[in-house]
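Residues per chain, in single letters:
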Amino acid sequence: MTLEDFKLRTPEQYKEAQQQAIKNPDLFWAEIANTFEWKTPFEKALQYNWNDTPSTEWFAGGKLNITENCLDRHVATQPDKLALIWEPNEPHDTPVKLTYKELLEAVCTFANGLKNQGVSKGDRVCIYLPMVPELTIAVLACARIGAIHSVVFAGFSASALAARIQDSGCSILITADGAFRGNKTVPLKDIADDALKTCESVRKSIVLQRTFEPISWNNKLDVWWHDFVDGLSSSCTPEIMDAEDVLFILYTSGSTGKPKGMVHTCGGYMVYTAYSFMNVFQYEQDDVYWCTADIGWITGHSYMVYGPLAVGATSVHFEGVPSYPKWNRFWEICEKHKVNQFYTAPTAIRALAKHPSSHVTNHDLSALKVLGSVGEPINEEAWNWYDTHVGKNQVPIVDTWWQTETGGILISSLAGVTPQKPTYATLPLPGIQAALVDDKGNPLTDKEAEGILTINFPWPSIARTIWGDHKRYQEVYFSAFPGRYFPGDGALRDADGNYRITGRVDDVVIVSGHNLGTAPIENSINEHPEVVESAVVGYPHDIKGNALMAYVILYNTTDDSERLIKEIREQISNTIGPIAKPDRVLIVSGLPKTRSGKIMRRILRKLASNEMDQLGDISTLLNPEIVEEIKKELS
Ligand code: WT7
């Protein structure tokens, strides 16, 4: 049997698979997993305990290397098939096309470089690169030798990078002189140098030449990528890994200051990303698939690198931004590479929809078969624009709900196979036992219901722990509703069982598709010497989905609030990254608090959203008068 035999092509096949997966999860996933290449077969698919100290193991005891499944396996049968079509920032620069054979060779060469550096199984390697082919190569090279990659999005600041390197104790950093992003360049090496001042664990920094801008150089630490790989062999025996060995760490924001290093393991992650990729996007062997994400996010890991490569797909990777040189860039690329599946985020769709539709209609998009959305709830307007202008009402849209923690898509329609419904992620994938509970954890058993989303049974790609902090893993994901996985989202369900995600129920705000914890932003603001306390909340924004508003209390009143606000925004940009800068900063004399001293963010959210008449009962507050004051300030 091959993975292709598990492709679901009709609604009945989907239903059948869902029933089988619930009835006998072990057998269901074992059969799928057995279509991959194992050095030693696993004996039992699943072992888990979601009570006490949560643990989940899939295919434990089975031995494999994920890169063999993603590369060598395809090189054996179709070496010249394109794995990667890389579209550079400048539209007139030539795309880089890598066949499976070429990609394997590049991966092995770089892997040999890492080995020469003494990197071995279990070592952590931080990758801080722009969206260039070398990013994919570096990721896979780590996996080849069993090193654990930790990719940090190249838009993050020096201190965010440093915090991630420190947390996982990376010994190697892979970066570039700079990054191109539209008409800007980002001085990555400078930022990395800054970060490394506080990262003693790093003993080598490998620097890719991309922008050719001058950089500072430390002979002891730095080595150019091209020198690093010079003269190395292009074959490298894959490290044999247990299915439950760590493949990578990827950080996501949490509701306390420290980012959470989500740990994903080899076997289950491979099986689930491949299976979900093939089924959600209905990928056929000659298709060209394009996901516009950055590999710095989980979407990039699962659906630009591992999932597509595991099924032998051809993927487009794009270095630039949708607006450069013009707002037609996405559609120009779709036309140029005859893209069949296109996967992007609602924030991009909303930004594109603000510009004349001629940007879309001037391009031949007739190759498109599937449109995808990920990252946040897609509002009806954006959904309709996507459907009408890009899909010409002919192309199925998959609204895919998942998280860094889930590793793969959990709720989505299967393109053109199961029904779609605007603004609904629709049905759980086979093996995903989604449910709703009320805030006390009581199951909501009516067909139609609204509540908090939980997943009641393990799936292969769930993150196994938070790096170095299993206790926090338990607290965040398994303590709210014992025995169930708590993703932190609210949802409603219609009579047909379709789920619509209504948004976060914790203190995470999604701005332009970026998952931002409000706590770290508050911590950053509070570090300003003039600030006593602050609260950050999200409010609806036309393009970004949500924008941030910071309420700030000062020690002393200031007559130069403009300077102060500028400094606060700067500070956030430096400690977290430009994406976390609040759109609005409001200086207030107090914050609405409960009698136990907890800031009432719900009220602050309503105020920021200009829903002044929906504040609810504020009489129980410690300081109801402050609400009036803020109202006045805002009007
Ligand atoms: C949070 C996870 C999954 C990769 C990108 C984000 C929100 C994600 C959807 C969707 C409604 C969505 C959720 C989730 N989210 N996809 N299709 N509909 N909400 O990964 O940074 O880990 O964020 O993004 O709130 O919990 P992430």
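In this text, all values refer to a predicted model and were calculated from it rather than measured experimentally.

Chemist: Quick question: what am I supposed to make of the domain arrangement of the protein chain here?
Modeler: Reports often express the size of an interface as the amount of accessible area lost when the parts come together. Split by domain assignment, the protein chain resolves into domain 1 (99–239) and domain 2 (512–634). Summing both sides of the interface, domain 1 and domain 2 together bury roughly 360 Å²; the carbon and sulfur share of this comes to 52%. Our count for the domain 1 to domain 2 interface comes out at zero salt bridges. The interface formed by domain 1 and domain 2 contains five residue pairs in polar contact (both at pLDDT 80 or more). Here the residues of the side of domain 1 that touches domain 2 are counted per class, giving four nonpolar, three polar and no charged.

Chemist: Would you mind going over the site of the ligand with me for this structure?
Modeler: Near the ligand lie 18 residues; those nearest to it are D399, T400, T404, D489 and R504. One of the side-chain nitrogen or oxygen atoms of D399 is found 2.7 Å away from a nitrogen atom of the ligand. A distance of 2.6 Å separates an oxygen atom of the ligand from a polar atom in the side chain of R504. Expressed as a share of its isolated accessible area of 550 Å², the protein-covered part of the ligand is 95%. Among the residues making up the shell around the ligand, the classes are represented as seven nonpolar, six polar and five charged.

Chemist: Just to check I follow, could you spell out the packing of helix α3 (residues 66–77) against helix α4 (residues 100–116) for this structure?
Modeler: Geometrically, a packed helix pair is captured by the angle between its two axes and the distance between the axes. Taken N-terminus to C-terminus, the directions of α3 and α4 make an angle of 135°; their axes are 9 Å apart at the nearest point. Comparing their axes, α4 and α3 come out oblique. Handedness of the α3/α4 crossing: left-handed. Facing C70, L71, D72, H74 and V75 of α3, the residues of α4 in contact are Y100, K101, L103, L104 and V107. When its residues are assigned to classes, the contact of α3 with α4 shows seven nonpolar, one polar and two charged.

Definitions and limits used
Residues numbered from 1 in each chain as written. Predicted model: local features only at pLDDT ≥ 70, side-chain atom pairs only at ≥ 80, totals over all residues. Heavy atoms only, no water. Domains from an automatic or database assignment. Buried area = accessible area lost by both parts, 1.4 Å probe. Salt bridge = Lys/Arg side-chain N within 4 Å of Asp/Glu carboxyl O. Polar contact = N/O pair within 3.5 Å; in protein donor to acceptor, adjacent residues only side chain to side chain. Nonpolar A, V, L, I, M, F, W, Y, C, P; charged D, E, K, R; others polar. Near = heavy atom within 4 Å. Areas by Shrake-Rupley, 256 points an atom, 1.4 Å probe, with all protein chains shown as cover. Axes fitted to C-alpha atoms, helices over the stretch in contact; angles between N-to-C directions. Helix = DSSP H or I, 4+ residues; strand = E, 2+ residues; numbered from the N terminus. Parallel < 35°, antiparallel > 145°, perpendicular 65-115°, else oblique. Left-handed = near helix turned anticlockwise from the far one by under 90°. Contact = heavy atoms within 4.5 Å.

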